[in-house]
Amino acid sequence: MERIVIAILDDATRSSVADIITKSGMKVRAQVRSGADATRAVKDMGGGVVICSPRLLDISADALCERLGEEAYFLVVGHPAVLAQMDSEEIFKLMLPVKSSELIGSVRILSQLDERRMDEALRPKKKTVNDRAIVNEAKEYLTEERGMTEAEAHRFLQKRSMDLRVPVTEVARTILYHAE
């Protein structure tokens, strides 16, 4: 079940986005204007997807994303110039004007990621020290050989892992295998 929070300052826009999401068959769990209310909703649900404007009543989307850490996925909808100023790799962005189909597709993908994260959180952790060492070695390779920053290398491994639907450790092993 989707855990969607719409955090948009403008009432009409918030309502319009909620209607689009609801008509697509997904359930919106909360509609809020402030970061405090969005935080409360995400914490109450134990995670979720936050669709928000770049600025809320009391906080920016960047700061809200930082506050919630890995508890929620963020989809920020705004003008290109404003979105370009957001440098968080954890924020997914849609530029205005946005088509309903783009919005729905993006929310579905983030909801699936949220469900997968929730499922994984319920599974016992099996990551060993060796697994962490392999991932760190792959990140080191990407930073030295491909010129990525550590954050870019980390995000690259995560994205490939999600795209291929395999553990990050397997992606790291593959990279190191091909590096030899």
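Just above, that's the structure.
Along each chain, numbering runs from 1 in the same order as the chain's sequence is written. Selection of residues for local features in this predicted model requires a pLDDT of at least 70, selection of side-chain atom pairs for listing and counting requires 80 or more, and totals for whole chains, interfaces and linings are taken over all residues. Water and hydrogen atoms were dropped before computing side-chain values, which therefore reflect all heavy atoms in the structure.

**Describing the overall build of the protein**
- Runs of E in the DSSP output that reach at least two residues are strands. Runs of H or I that reach at least four are helices, and both are numbered from the N terminus. Looking only at helices and strands, the protein features 8 helices and 5 strands.
- Element order for the protein, N to C, with α for helix and β for strand: β-α-β-α-β-α-β-α-β-α-α-α-α.
- Reported as C-alpha extents along the three principal axes, the dimensions of the protein are approximately 55 × 35 × 30 Å.
- Burial classes: relative accessible area under 20% of the type maximum marks a residue as buried, over 50% as exposed, and values in between as partly exposed (1.4 Å probe, protein chains only). Taking all 180 residues of the protein together, the buried fraction comes to 40%.
- In this description, contact between two residues means that some pair of their heavy atoms is separated by no more than 4.5 Å. Across the protein, every contact between residues at least 6 apart in sequence was considered, and the portion connecting residues at least 24 apart equals 59%.
- Only four residue types enter the charge count, namely Lys and Arg as positive and Asp and Glu as negative; His and the chain termini do not. For the purpose of locating charges, the reference atoms are NZ of Lys, CZ of Arg, CG of Asp and CD of Glu. Positive and negative side-chain charges of the protein, numbering 27 and 29 respectively, have mean locations separated by a distance of 5 Å.

**A closer look at the sheet that holds strand E3 (residues 48-52)**
- Whether two strands pair comes down to DSSP finding at least two bridges between them. Read from one edge of the open sheet, 5 strands run E2-E1-E3-E4-E5, paired in parallel fashion. Of all strands in the sheet, those bounded by a partner on one side alone are strand E2 (28-32) and strand E5 (91-95). Averaged over all neighbouring strand pairs, the angle between strand axes comes to 20°, with direction disregarded.
- To obtain an axis, a line is fitted to C-alpha atoms, over the contacting stretch when the element is a helix, and the angle between two such axes runs from 0 to 180 degrees between their N-to-C directions. In the packing of helix H1 (residues 11-23) onto the sheet, the strands contacted are strand E1 (4-7), E2 and E3, and the crossing angle to E2 comes to about 175°.

**As for the side chain of Asp114**
- Note on placement: Asp114 falls in helix H5 (residues 100-122).
- Among the residues examined, Asp114 registers a relative accessible area of 2% and is labelled buried.
- Dropping the residues within four chain positions of it, Asp114 is found in contact with Arg3, Gly47, Gly48, Val49 and Tyr73.

**A few points about the environment of Gly35**
- With respect to the element layout, Gly35 can be found in helix H2 (residues 35-45).
- For Gly35, a relative accessible area of 0% gives the class buried.
- What Gly35 contacts, discounting residues up to four positions off in sequence, is Leu56, Asp58, Ile59, Leu64 and Arg67.

**Looking at H2**
- Taken together, the buried positions of H2 are Gly35, Ala38, Thr39, Ala41, Val42 and Met45. An end-on view of H2 places all buried positions within 165° of arc, on one side of the element.
- Looking at the buried side of H2, the elements it contacts are E1, E2, E3, helix H3 (61-68) and strand E4 (72-78).
- Of the residues trailing H2, Gly46 is marked for its positive phi of about 75°. For this quantity, the arc is that covered by the directions from the helix axis to the C-beta atoms.

**Observations regarding unusual backbone geometry**
- For the peptide bond that leads from Leu96 to Pro97, omega is -5°, which places it in the cis range.
- For Pro97, the location among the structural elements is in the loop between E5 and H5.

**Comments concerning the nonpolar core**
- Nine residue types can take part in a nonpolar core, namely buried Ala, Val, Leu, Ile, Met, Phe, Trp, Tyr and Cys, and a core is a set of them joined through side-chain atoms within 4.5 Å. Ranked by internal contacts, the top residues of the largest apolar core, which has 22 residues, are Val5, Ala7, Val50, Cys52, Leu64, Phe74 and Val76.
- Among the secondary structure elements, those contributing two or more residues to this core are E1, E2, H2, E3, H3 and E4.
- Leave out the neighbours within four places in its chain, and Phe74 touches Val50, Cys52, Leu64, Cys65, Leu68, Glu90, Ile91, Phe92 and Leu110.
- Of all hydrophobic cores here, the second largest spans 19 residues; its members include Ile8, Met26, Val49 and Leu75.

**What about a negative patch on the surface?**
- Each patch is assembled from residues with relative accessible area greater than 30% and no salt bridge, linking like charges that lie within 9 Å and nonpolar side chains (Val, Leu, Ile, Met, Phe, Trp, Tyr) that lie within 5 Å. Computed with a 1.4 Å probe, the accessible areas rest on the Shrake-Rupley method; for each residue, only the protein chains presented here act as cover. The working definition used for a salt bridge is a side-chain nitrogen of Lys or Arg within 4 Å of a carboxyl oxygen of Asp or Glu. A contiguous patch of negative charge on the surface is contributed by Glu70, Asp87, Glu89, Glu90 and Glu152.
- Classification of Glu70 by relative accessible area gives exposed; the value is 65%.

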